[in-house]
Structures are given as structure tokens and as C-alpha cells.
Amino acid sequence: MEVGFLGLGIMGKAMSMNLLKNGFKVTVWNRTLSKCNELVEFGASIGETPAQVVKKCKLTIAMLSDPAAALSVVFDKDGVLEQTGSGKGYIDMSTVDPETSSKISQAITSKGGAFLEAPVSGSKQPAETGQLVILAAGDKGLYEESIPAFDVLGKKSFFLGQVGNGAKMKLVINMIMGSVMSAFSEGLVLSERSGLNPHDLLDVLDLGAIANPMFKGKGPAMLKSNYSPAFPLKHQQKDMRLALALGDENAVSMPVAAAANESFKKARSMGLGDLDFSSVHEILKMTKD
Ligand SMILES: NC(=O)C1=CN([C@@H]2O[C@H](COP(=O)(O)OP(=O)(O)OC[C@H]3O[C@@H](n4cnc5c(N)ncnc54)[C@H](OP(=O)(O)O)[C@@H]3O)[C@@H](O)[C@H]2O)C=CC1
Ligand SMILES: O=CCCC(=O)O
């Protein structure tokens, strides 16, 4: 099966590499074209533009930073829309808001193409090992055709119905994740400032009712101020912003998420946006009496 892949950031690189390793023919494109070279070494072909990739491939996947990027790759000159049509499938796996997804869906389907949104739960390592959780919504036929690729990329796929539901599910999850990370960082700071050993806190947490792979995976690195990016903080803040907008639309009060968003915003303003989202810990460490 020949697959196009647009966007070779942390996630896109790992996902397209995985498809290659599992026998898919992959044609890649990235805004910064030099990032395609590593994939070419593993057998990928390069498309010079998103339109070229779509022209060549029946199925094209995108994994882009945010709504602006997702829209640009579809609607701009040499974009996806120029070559989509009957027999072409487009799957956007980026984390965006439901409105962005719906706009892309309408444009693709009005030209006869099929569209699926399929954001993912899981980060760099699950992307490398094919252990993502796929939250698909949109064209059911395209979902079924894409199962061989989803089986390589993820450990479980959900089909959630109409376009927008995948985006909403992903935003709810990341709103919870950002709020929990913020509370976890406060707990690490509180344990240290009150004279406890924060490593003991990690051990105790791991044995109790709120034991959590995120605490276990990120806690030790956070205590060493090591924030090598798996999930960049700028994307977590984008997800908090989009989730809060979803809350606004649905009149859901989310004071915990709103407070966490302030910490992520502050971290971004201090230049931590490209570090892992766990670097929000640095902001909370800065608060003194
Ligand atoms: N990292 C993670 O753990 C996870 C991330 N996600 C989501 O997946 C998406 C990608 O994340 P990740 O790989 O970490 O992000 P990165 O920041 O590593 O990569 C972003 C990608 O988007 C491209 N891009 C950015 N702006 C534009 C634009 N205007 N036009 C075209 N391409 C653009 C970048 O191209 P260039 O190289 O030229 O800058 C790059 O390929 C995001 O929506 C994120 O929220 C979802 C689950 C986990
Ligand atoms: O969107 C990013 C999710 C990161 C994760 O699930 O660990």
C-alpha cells in the first residue's frame, strides 16, 4: 500500500518510519524539506509539495503542529486540495479543534475525496513503537481501508462517528493531561519545599490509586530538570487553549484547566515552548513566598 505523509516533526517522523519498517511504500513531504532526507535513507520517496504527494498516493496522512498548519497544507497553493478527488483519502492526525477539522472535511468531500480526522493519544515513544491510540471520526469506509496502516501505527483504534468527535475526544484528554501535569508539578515543588524527598513522593504515588505512567515516566527527569521534548509545551498550551474554547462553546466551567493553562502560557512566554510540556514544572518552581 502506498501512503503519503505530510509533516515530519517528532510524531510524523516516527510514524512514517514505522510505516516504512512495516513494508508500506511512503512518500513524504515536510515544510522544511531537508527533514525528509533521513526518511529517504530508509526507503521513502519525496514529494516536493503536498499536492504532489496526494497526486501520487491514494491515501495521504498529515501530522502537523496546529490548526494554522493543518489549514495551510490543505488550502494554500500546491496544497492537498489541488489534487484531491474521487478515489483519494486524506487523514489528518494532527491535534486541532473540531471547526478546523470540519472545514478541511467539507473542502475535501466537496471535491469527491474522503476525509478522516484521526488524532492520537500517546507520544514520541508510542509513535516509535506503534503503540498509539487512534481517535478516528469521519468517513467510515476510509477508516476501514486505513486499518492496515492504523494497525502499524497504534495499539487500538476507535471510530467515534462524525467529523469533530475525534478532535473533541483528543482535546478532552489533553485538557485532563495538562491539568494533571500542572498539579503533579505543584506536588513535586510542595514536597521539596516542605522538606520531603520528592523521590519518595514518586515511589509512594506509584503504589497508590493515582499511580500513572506519566508520573513514572516523566517524574525522575523533571527532578533533574531534564525536559528533552517528547510532547512540546507549545503544543500542550495550544491544546489547553482549544479545550477551553470547547468549554466556552458548551458552557462548561473549567477553573482547574484555566489555571493550568495560565502556567503553560507563562512557560511559553519564558521561552520554554520547545521543551517537553513537563517543563511547566520550572514555572511552578519559580513561585516563592
Ligand atoms: N509530540 C507528541 O507527543 C504528540 C503530539 N501530538 C500532536 O501532533 C501534532 C504534531 O506534533 P509534533 O510532531 O510533536 O510537533 P513538531 O513541532 O515536532 O512538528 C510539527 C510539524 O508541523 C509542521 N508545520 C508547522 N507549521 C507548519 C505550516 N505552517 N505549514 C506546514 N507545516 C507546518 C512542521 O514543519 P517544519 O519541520 O518545517 O517546522 C513539522 O513537520 C501536533 O498537533 C501535536 O499536538 C499528538 C500526540 C502526541
Ligand atoms: O498530545 C500529546 C499526548 C502525549 C501523550 O499522550 O503522552
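Residues numbered from 1 in each chain as written. Chains lettered and ligands numbered in written order. Predicted model: local features only at pLDDT ≥ 70, side-chain atom pairs only at ≥ 80, totals over all residues. Heavy atoms only, no water.

## As for the packing of aromatic side chains
Part 1: Scanning the model with the defined rule gives five aromatic pairs in all.
Part 2: Seen in terms of ring centroids, Phe184 and Phe215 are 4.2 Å apart; in terms of plane orientation they differ by 20 degrees. Their pairing is stacked. Of this pair, Phe184 sits in helix α9 (residues 165–193) while Phe215 sits in helix α11 (residues 213–223), and the two are 31 residues apart along the sequence. Side by side, Phe184 and Phe215 carry an identical accessibility label, which is buried.
Part 3: Connected via pairs of aromatic rings, a cluster forms that spans Tyr143, Phe150 and Phe159. (Phe/Tyr/Trp six-rings, centres within 6.5 Å; stacked < 30°, edge-to-face > 60°. Helix = DSSP H or I, 4+ residues; strand = E, 2+ residues; numbered from the N terminus. Buried < 20%, exposed > 50% of the residue type's maximum accessible area, 1.4 Å probe, protein only.)

## Focus: the nonpolar core
Part 1: One finds Phe5, Met15, Leu19, Ile91, Met93 and Phe150 to be the most contacted residues of the largest nonpolar core, which totals 34 residues.
Part 2: When residues of this core are traced back to their parent elements, those giving at least two are β1 (2–6), α1 (10–21), β2 (25–29), β4 (59–62), β6 (114–117), β8 (132–138), α7 (140–145) and α8 (147–153).
Part 3: For this core, the leading source of residues is α1, giving six residues.
Part 4: Ignoring any residue separated from it by four or fewer positions in sequence, one finds Met15 in contact with Phe5, Met63, Met93, Ala127, Leu132 and Leu153. (Core = buried A, V, L, I, M, F, W, Y, C linked by side-chain atoms within 4.5 Å. Contact = heavy atoms within 4.5 Å.)

## What about the UniProt feature "domain: 3-hydroxyisobutyrate dehydrogenase-like NAD-binding" (unreviewed entry) in the protein chain?
Part 1: UniProt feature "domain: 3-hydroxyisobutyrate dehydrogenase-like NAD-binding" (unreviewed entry): in the numbering of this structure it lies at residues 164–281.
Part 2: Helix makes up 71% of residues 164–281 and strand 0%, whereas the separation of the span's terminal C-alpha atoms amounts to 32 Å. (UniProt positions renumbered as here; feature names shortened; annotations may be inferred.)

## Examining the site of ligand 2
Part 1: Taken together, Gly122, Ser123, Lys170, Asn174, Met177 and Phe231 form the complete shell of residues around ligand 2.
Part 2: Asn174 is positioned such that a nitrogen or oxygen atom in its side chain is 2.8 Å from an oxygen atom of ligand 2.
Part 3: Residue classes in the shell around ligand 2 are distributed as two nonpolar, three polar and one charged. (Near = heavy atom within 4 Å. Polar contact = N/O pair within 3.5 Å; in protein donor to acceptor, adjacent residues only side chain to side chain. Nonpolar A, V, L, I, M, F, W, Y, C, P; charged D, E, K, R; others polar.)

## Let's talk about the site of ligand 1
Part 1: Around ligand 1 lies a shell of 27 residues, among which Asn30, Thr32, Lys35, Ser123 and Lys238 are the nearest.
Part 2: Taking Leu64, its main chain carries an N or O atom lying 2.9 Å from an oxygen atom of ligand 1.
Part 3: Between a nitrogen atom of ligand 1 and a main-chain N or O atom of Ala230, the distance comes to 2.7 Å.
Part 4: Protein chains shield 89% of the accessible area of ligand 1, which is 900 Å² for the free molecule.
Part 5: Only α1, α4 (67–75) and α12 (233–249) provide two or more residues apiece to the shell around ligand 1.
Part 6: Grouping the constituent residues of the shell around ligand 1 by class yields twelve nonpolar, ten polar and five charged. (Areas by Shrake-Rupley, 256 points an atom, 1.4 Å probe, with all protein chains shown as cover.)

## Description of the side chain of Asn174
Part 1: On the secondary structure map, Asn174 appears in helix α9.
Part 2: Asn174 gets classed as buried once you look at its relative accessible area, which sits at 2%.
Part 3: In contact with Asn174, other than residues within four places in its own chain, are Phe231, Gln236, Asp239 and Met240.

## A few points about helix α13 (residues 255–269)
Part 1: End to end, α13 covers 21 Å across 15 residues, agreeing with the expected 21 Å (1.5 Å per residue, within 8%).
Part 2: Of the positions making up α13, those classed as buried are Ala257, Ala260, Asn261, Ser263, Phe264 and Ala267. An end-on view of α13 places all buried positions within 160 degrees of arc, on one side of the element. In α13, those exposed residues whose orientation departs by more than 90 degrees from the buried face are Pro255 and Ser269.
Part 3: Buried residues along α13 sit against α9, α12 and α14 (280–286).
Part 4: Remark: Gly271 follows α13 within two positions and exhibits a positive phi of approximately 85 degrees. (Expected span 1.5 Å × (residues − 1). Arc of directions from axis to C-beta.)

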